[in-house]
Amino acid sequence: MKQIFVLALFTLYSAAWGAKVYTVETAPKPALFNKSYVSDPDHVLKDETIRQINKQIYFLEQVTTDQIAVVILPSINWASSKEFARRLYNRYRIGQQDKDNGLLIFVVMKPFRVEFETGLGMEGVLPEETCHHIVKEYMTPYFKEGDYDRAILEGLTAVIKVLNDPQNKDALSDGRTTDPQALEKIIVWILAVPYLLFMSVFYFVKKSKGAFTEDYAKLSEAKKKNVSLTIPRWRWLLLYFFLPLFFYAGMIYFYTGPYYTATLIAGAYGMILLTLVDKKSRCEKAYAGSYKEGDYFNQYNQFSRYFDNWGIAAIFFPVPFLFTDAQNNKKLQAIRKHERSCTACGTAMGLLDEKKEDQYLRKSQILEESIKSVDYDVWLCPACDTHYALGYNSKFSKYKACSYCGTKASFLKSDIAKVPPTHSGSGTGEKTFQCMYCKKTSLEEYVIPPLAVAANKV
Ligand SMILES: [Zn+2]
Ligand SMILES: [Zn+2]
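In this numbering scheme, every chain counts its residues from 1 along its sequence in written order. Chain letters and ligand numbers both follow the written order, the letters beginning at A and the numbers at 1. Where totals are concerned, whole chains, interfaces and linings use all residues; where local detail is concerned, this predicted model gives features only for residues with pLDDT of at least 70, and gives and counts side-chain atom pairs only at 80 or more. To obtain the side-chain values, all non-hydrogen atoms of the structure were included, while hydrogens and water were left out.

1. Examining the overall build of the protein chain
Working definition: helices are DSSP H or I runs of at least four residues, strands are E runs of at least two. Numbering for both runs from the N terminus. Check the secondary structure of the protein chain and you find 15 helices and 13 strands. In the protein chain, of all internal contacts separated by at least 6 residues, the share reaching a separation of at least 24 is 57%. Throughout, the Shrake-Rupley method with a 1.4 Å probe supplies accessible areas, and for residues the shown protein chains are the sole cover considered. Only carbon and sulfur atoms are counted for the fraction: they give 59% of the accessible area of the protein chain, which is about 26,900 Å². Only heavy atoms enter the contact rule, under which two residues are in contact if any of them lie within 4.5 Å.

2. What about the coordination of the zinc ion (ligand 1)?
Think of the donor list as every N, O and S atom within 2.8 Å of the metal, or within 3.2 Å for Na, K and Ca; water never makes the list, so a site can look incomplete. Each protein donor to the zinc ion (ligand 1) is listed here as Cys342 (SG), Cys345 (SG), Cys381 (SG) and Cys384 (SG); together their distances run 2.2 to 2.3 Å. A four-donor site is called tetrahedral if each angle lies between 85 and 135 degrees; a four-donor site is square planar, and a six-donor site octahedral, when trans pairs exceed 155 degrees and the remaining angles lie between 65 and 115; all other cases are labelled irregular. Because the angles between the four donor atoms bound to the zinc ion (ligand 1) fall within 101 to 118°, the donor set is best described as tetrahedral. When the donors of the zinc ion (ligand 1) are listed by position in the chain, the intervening gaps give C-x2-C-x35-C-x2-C. With a gap of 39 residues between them, Cys345 in the loop between α13 (318–336) and β7 (350–351) and Cys384 in the loop between β8 (374–380) and β9 (387–393) connect regions that are remote in the sequence. Classification of Cys345 as partly exposed rests on a relative accessible area of 39%. The buried label applies to any residue whose accessible area, calculated with a 1.4 Å probe on protein chains only, is under 20% of its type's maximum; exposed applies above 50%, and partly exposed to all values in between.

3. Description of the packing of aromatic side chains
Under the pairing criterion, centres of Phe, Tyr and Trp rings, with the six-membered ring standing for Trp, must be within 6.5 Å; the plane angle then separates stacked pairs below 30 degrees from edge-to-face pairs above 60, leaving the rest tilted. Taken as a whole, this structure holds 23 aromatic pairs when the rule is applied. Centre to centre, the rings of Phe143 and Tyr148 are 5.6 Å apart; their planes meet at 55°, and the pair counts as tilted. Exposure remark for Tyr148: the relative accessible area of 23% places this residue in the partly exposed category. Between Phe202 and Trp236, the aromatic rings sit 6.0 Å apart at their centres with planes inclined by 50°, giving tilted as the arrangement. Separated by 34 residues along the polypeptide, Phe202 in helix α7 (residues 180–208) and Trp236 in helix α9 (residues 233–253) bring together distant segments of the chain.

4. Quick notes on the coordination of the zinc ion (ligand 2)
The zinc ion (ligand 2) binds to the protein through Cys402 (SG), Cys405 (SG), Cys435 (SG) and Cys438 (SG), with metal-donor distances spanning 2.2 to 2.4 Å. Each of the four donor atoms bound to the zinc ion (ligand 2) contributes to angles spanning 103 to 121°, and the resulting shape is tetrahedral. In primary-sequence terms, the residues that donate to the zinc ion (ligand 2) follow C-x2-C-x29-C-x2-C. With Cys402 in the loop between β10 (400–401) and β11 (408–419) and Cys438 in the loop between β12 (427–435) and β13 (441–448), this pair connects stretches of sequence that are 36 residues apart. In this structure Cys402 comes out as buried when scored by relative accessible area, which is 7%. Looking at Cys438, the relative accessible area reads 25%, which means it is partly exposed.

5. Overview of the pattern of salt bridges
Salt bridges are counted wherever a side-chain nitrogen of Lys or Arg sits within 4 Å of a carboxyl oxygen of Asp or Glu. Per the stated rule, a full pass over the model turns up 18 salt bridges. Lys400 serves as the salt-bridge partner of Glu444, at 3.5 Å between the closest nitrogen and oxygen. Here Glu444, found in strand β13, pairs with Lys400, found in strand β10; they are 44 residues apart in sequence, far enough to count as distant. Taking relative accessible area as the criterion, Glu444 reaches 36% and is therefore assigned partly exposed. A salt bridge links Lys418 to Glu430, with the nearest nitrogen and oxygen atoms 3.5 Å apart.

6. Regarding the pairing of strand β6 (residues 113–118)
Here β6 lies mainly inside the structure; five of its six residues are buried. Strands are labelled as partners when DSSP assigns at least two bridges between them. Summarising the sheet, strand β5 (residues 102–108) and β6 pair through six bridges and their orientation is antiparallel. Bridge pairing in β6 links Leu104 to Glu117. Counting the residues between successive antiparallel strands, the hairpin from β5 to β6 contains four residues.

7. A closer look at the pairing of strand β3 (residues 67–73)
Judged by how many residues are buried, β3 sits mostly within the fold: seven of seven residues are covered. Judged from the two bridges that link them, strand β2 (residues 38–39) and β3 form a sheet pairing that is parallel. Bridge pairing in β3 places Ser39 opposite Val71. Two elements, β3 and β5, share seven bridges in a ladder whose sense is parallel.

8. Description of the sheet that holds β5
Reading across the sheet, the four strands line up as β2-β3-β5-β6 and stay open at both edges, with mixed pairing between neighbours. Single-partner strands in this sheet number two, and they are β2 and β6. Axis geometry follows a simple rule: fit a line to the C-alpha atoms, using only the stretch in contact for helices, then measure angles between N-to-C directions, giving values from 0 to 180 degrees. Contacting β2 and β3, helix α2 (residues 47–64) crosses the sheet at an angle of about 155° to β3.

9. Points about the sheet that holds β7
With antiparallel pairing, three strands are arranged side by side in an open sheet as β7-β8-β9. Edge positions in the sheet fall to β7 and β9, since each has one partner strand and no second. Pairing of β7 with β8 involves two bridges; the strand directions are antiparallel. Bridging from a neighbouring strand, Gly350 pairs with Leu380 of β8.

10. Some thoughts on the packing of helix α5 (residues 128–144) against helix α6 (residues 148–164)
The contact between α5 and α6 brings their axes to 8 Å, and the two run at 155°. Classed by the angle they form, the pair α5 and α6 counts as roughly antiparallel. Remark: the crossing between α5 and α6 carries right-handed chirality. Residues Thr130, Ile134, Tyr138, Met139, Tyr142 and Phe143 of α5 lie in contact with α6, whose contacting residues are Tyr148, Arg150, Ala151, Ile152, Glu154, Gly155, Ala158, Val159 and Val162. Gly is put with the polar residues, along with every residue not named as nonpolar or charged; the nonpolar set is Ala, Val, Leu, Ile, Met, Phe, Trp, Tyr, Cys and Pro, and the charged set is Asp, Glu, Lys and Arg. Residue classes in the contact of α5 with α6 are distributed as 11 nonpolar, two polar and two charged. Between 65 and 115 degrees an angle is taken as roughly perpendicular, under 35 as roughly parallel, over 145 as roughly antiparallel, and anywhere else as oblique. Here is the rule for handedness: rotate from the far helix to the near one, and if that takes an anticlockwise turn smaller than a right angle the crossing is left-handed, while a clockwise turn gives right-handed.

11. With respect to a nonpolar patch on the surface
Put simply, a patch holds well-exposed residues, over 30% relative accessible area, that have no salt bridge, with like charges counted together within 9 Å and Val, Leu, Ile, Met, Phe, Trp or Tyr side chains within 5 Å. A cluster of nonpolar side chains, namely Trp234, Leu238, Phe242 and Phe246, defines an oily patch on the protein surface of about 460 Å² accessible area. Mapping Trp234 onto the fold places it in helix α9.

12. Some remarks on the nonpolar core
Residues grouped as a nonpolar core are buried Ala, Val, Leu, Ile, Met, Phe, Trp, Tyr and Cys residues, joined through side-chain atoms within 4.5 Å. Counting 51 residues, the largest nonpolar core has Ile68, Phe106 and Phe116 as the members making the most contacts within it. Secondary structure elements with two or more residues in this core: α2, β3, α3 (81–92), β5, β6, α5 and α6. The leading source of residues in this core is α6, at nine residues. In contact with Phe106, not counting residues within four places along its chain, are Val71, Leu73, Ile76, Ser81, Phe84, Ala85, Leu88, Arg113, Val114 and Glu115. Among the nonpolar cores identified, the runner-up in size contains 22 residues, and Cys283, Tyr306, Trp310 and Ala314 belong to it.

Structure (structure tokens):
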């Protein structure tokens, strides 16, 4: 009862001072797992300072696995800040759990206290005297001047220096001699140099092949078929060379905040998406420009094949490629139904409806339409009666072209194992196809691989 009374008084006292009182339970925990090592609910430190602290501790952790948390609270509900720090250290689980190599730098503003709480795995290198020395020599002078940012940064630098000192190697686990700054540079070199080398070689290969151009109309027929290889030089350099480089260097040098990995992955994803969207728009422009006026049937088939190839992009990039499908279909329909003039007399031709078109179709074509393997458009000139039928293959038909009459009406009638496979030898299968139009059957033999031998039977 007396304790509660004291606590209540203390809380009132602190409230009068305007400082929020934290308990071990309510002190906000830094997101250690996310490379954010600072908890500063009252915003005592500048954002820039927190960014620097996070960066330094992050690289220390990468090299040594040691972990440091910095916690600055306006006021606490305990008389002993040392005991409070010890409990906070345990609650936050700082450091690797099997090594207990964590350090909590704990600052209370009212009344002002600084505590260093170390895990068992760190006491060897950072004994209490060393901690006291660091606070007294590197931090207190700046705290006295009210420069909390500098005090924390100087103290942290001193701590990291001790943890990285080769003389302390024996007292610590292995591999602590690397300078965190050096590690940054090593990462940059390891990843950036091969990328630059590869892209430089790639650039000169493309250049020697004449793959850089802006004028798609001037492309040779062979290149029009593989227009995706063609890109303006400045665009290629920007998208594939400089942009990834700037992004990567930026991540390494400037960004150390929370969600580091997520930002890196999202950035890479965005960059790949950007190149894909760019490629798609370029190719489309090139295709559209590479067809003679009136060559709609060819254009339709080319675009149709081209759009199919982009379908795979929707698996990894549902936005926007899942939604471009409707647009692609609209474009295909526009090409398919585009008005055209008679090649004989120049009159505008008419597209016949499903009922009227049958008299211009062969029996085999009418059958194909009825089983939906091919959809025909019949165009008719009202002036000279010139007409032609254009067939559009269904993508999802079970029928394939008959090897006798060519009608797309051949279906798989039976599939039998003529010679069954054994464990030692392969077998033979036979597929029988029958044509719905000419009724002829065709056979197709294929090899069945030997049966797999179960491991326990060997
Ligand atoms: Zn005509
Ligand atoms: Zn047939």
